[in-house]
Each structure stands twice: as structure tokens, then as C-alpha cells.
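Examining the three-dimensional arrangement
In case you want the letters, here they are:
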Amino acid sequence: MRSALLPVVVGAVVVTLLQIALAPNIALFSAMPNFMVVYVLIVAMVRPGASLYVLAFVLGLLYDLFGYGPVGAMPFLLILLSFIVSRAFALLNNDTVFVPLALFVAADFLLELLYAAFLLGLGMADSVVDALIYRALPCALYSTVAGLVLYPIARHFLATEVISDVHTATPRFR
């Protein structure tokens, strides 16, 4: 069991280091990629389970404690969206690349819009235009590009082994 969680934990440490060291240095104007959100959404699709919600809470709390926003908003949104994404992926998955990428894009935009609403509601943004145009949309686009690049890599390293031999799984009677 512990060896199954090792790639997820190593990925979380790498993503945290990327968020601290790389994300502020590649920011364009006020848009900065959120590697933690990207990683949680990818893990929600590739490896759903009970440890997903612990990962979402811890990475969301770390994101807020790094000073990017109000403490508690990101853990709440990450837990909520990781639940929604994992359930939607279980229902809609048809082994194509389109479904996970479409779910990722939709979830990322929804998360950034809800986070902008939190910022607006708590008085951390000046106006609706400031929260949506200058914060939510550019950050969502930037994180979406990062997610589109990181999804195939994470799928390769985090995917669980599934035995899919049809001939031995279903007996055939004549």
C-alpha cells in the first residue's frame, strides 16, 4: 500500500517545489501557473481514492500559506473539484485523450472563477473585472497549458496497472 502512494507523494513534493521556485519566475503580468491545482486535478483523474482528498487539502493549504490568497479557500475548492472531477471521469472515461483534457480545462476554469469569487467576497480584489479579467482567466489559461503538458507525463508515472486480457477474463461457452 505504501509503495502505491509513493509516486503520488513524490509528485506532490515536486509540484510544491515547482510552485515555490518556478511559478513566480515564469509569471506573465499578473498570471502565474498553479502547479498544485494542476497536479490535484490530474491525480483526481488518474488515481482517484481516499488519499486524493488528503492530497487536495494539504496542497491547497500549502498554496494558501505561501501567501497566494485567503487561508482555507483553496483547500475547500480543491477538495470539492477533485471529488467532482474524479466522479465525472469515472462516468465519462472512454479511453480517449479528449475526455480527461476537457474535464481538466473545465475544472480549472471553474476553480479559478470560484477562487476569484472568494477573493472578491473577502475584499481582496478591487472589482469584478479585476477578479475575472486580470486574475481568473489568465491564471486559468496558464494552468491549463501546464496541465495539458503535464497530464501525459503524470498518467505515465501515476497510472495503476490494469490487467485487460479479454480472453482470460470472460469465459466463452459454445
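Residues numbered from 1 in each chain as written. Predicted model: local features only at pLDDT ≥ 70, side-chain atom pairs only at ≥ 80, totals over all residues. Heavy atoms only, no water.

1. A look at the overall build of the chain
In terms of helices and strands, the chain carries 7 helices and 0 strands. Along the longest, intermediate and shortest principal axes, the C-alpha atoms of the chain span 70 × 30 × 25 Å. As displayed, the chain offers around 10,100 Å² of accessible surface, 72% of which is attributable to carbon and sulfur atoms. For the chain, the separation between the mean place of its 7 positive charges and that of its 8 negative charges on side chains is 18 Å. (Helix = DSSP H or I, 4+ residues; strand = E, 2+ residues; numbered from the N terminus. Areas by Shrake-Rupley, 256 points an atom, 1.4 Å probe, with all protein chains shown as cover. Lys, Arg positive; Asp, Glu negative; His and termini not counted. Charge placed at Lys NZ, Arg CZ, Asp CG, Glu CD.)

2. Some remarks on the packing of helix α3 (residues 50-68) against helix α4 (residues 73-92)
Contact geometry for α3 and α4: axes closest at 7 Å, N-to-C directions at 150°. Between α3 and α4 lies a crossing of right-handed hand. Mapping the contact onto sequence places Leu52, Tyr53, Ala56, Phe57, Leu59, Gly60, Leu61, Tyr63 and Asp64 in α3 and Ala73, Met74, Pro75, Leu78, Ile79, Ser82, Phe83, Ser86 and Arg87 in α4. Here the residues of the contact of α3 with α4 sort into 13 nonpolar, 3 polar and 2 charged. (Axes fitted to C-alpha atoms, helices over the stretch in contact; angles between N-to-C directions. Left-handed = near helix turned anticlockwise from the far one by under 90°. Contact = heavy atoms within 4.5 Å. Nonpolar A, V, L, I, M, F, W, Y, C, P; charged D, E, K, R; others polar.)

3. Section: the confidence of the model for the chain
On average, residues of the chain score 84 in pLDDT, and 90% of them reach the 70 mark or higher. The spread of mean pLDDT over the elements of the chain runs between helix α7 (residues 166-169), the lowest at 45, and α4, the highest at 93. For residues 162-172, every residue scores under 50 in pLDDT, and the model assigns this stretch 0 contacts once sequence neighbours within four places are set aside. (pLDDT = per-residue confidence, 0-100.)

4. Overview of the packing of aromatic side chains
For the structure shown, the criterion picks out 3 aromatic pairs. Plain terms: the ring middles of Tyr63 and Tyr115 are 6.2 Å apart, the flat faces sit at 70° to each other, and that makes the pair edge-to-face. Of this pair, Tyr63 sits in helix α3 while Tyr115 sits in helix α5 (residues 98-121); the two residues are 52 residues apart in sequence, bridging distant segments of the chain. Summarising the burial analysis for this pair, Tyr63 and Tyr115 share the class buried. (Phe/Tyr/Trp six-rings, centres within 6.5 Å; stacked < 30°, edge-to-face > 60°. Buried < 20%, exposed > 50% of the residue type's maximum accessible area, 1.4 Å probe, protein only.)

5. Structural notes on unusual backbone geometry
Of note in the backbone geometry, Asp95 takes a positive phi value of approximately 60° without being a glycine. Here Asp95 shows up in the loop between α4 and α5. With relative accessibility at 66%, the residue Asp95 sits in the exposed group.

6. Thoughts on the nonpolar core
Core analysis: the biggest nonpolar cluster contains 45 residues, and Tyr39 and Leu55 have the highest contact counts within it. Once residues within four sequence positions are removed from consideration, Leu55 is found in contact with Val8, Ala12, Tyr39, Val40 and Val43. (Core = buried A, V, L, I, M, F, W, Y, C linked by side-chain atoms within 4.5 Å.)

7. Focus: helix α6 (residues 128-158)
Over its 31 residues, α6 runs only 38 Å from end to end, short of the ideal 45 Å by more than 12%, given 1.5 Å per residue. In α6, a bend of some 40° at Leu150 exceeds every other bend along the element, and Pro152, a proline, comes one to four places later. All of the buried residues in α6 are Ala131, Arg135, Ala136, Cys139, Ala140, Ser143, Thr144, Ala146, Gly147, Tyr151, Ala154 and Leu158. (Expected span 1.5 Å × (residues − 1). Bend = angle between axes of the 7 residues up to and from the residue.)

8. Section: the side chain of Ser143
Within the fold, Ser143 resides in helix α6. Excluding its chain neighbours within four sequence positions, the residues that come into contact with Ser143 are Pro33, Asn34, Val38, Phe104, Asp108 and Glu112.

9. Digging into a nonpolar patch on the surface
Residues Leu113, Leu120, Val128, Val129, Leu132, Ile133, Tyr134 and Leu137 make up a contiguous nonpolar surface patch of roughly 660 Å² in combined accessible area. Within the residue set of the nonpolar patch, elements represented by two or more residues are α5 and α6. Sort the elements by how many residues they give to the nonpolar patch and α6 lands first, with 6 residues. Secondary-structure assignment places Leu113 in helix α5. Under the relative-accessibility criterion, Leu113 is labelled partly exposed at 37%. (Patch = residues over 30% accessible without salt bridge, like charges linked within 9 Å, V, L, I, M, F, W, Y side chains within 5 Å. Salt bridge = Lys/Arg side-chain N within 4 Å of Asp/Glu carboxyl O.)

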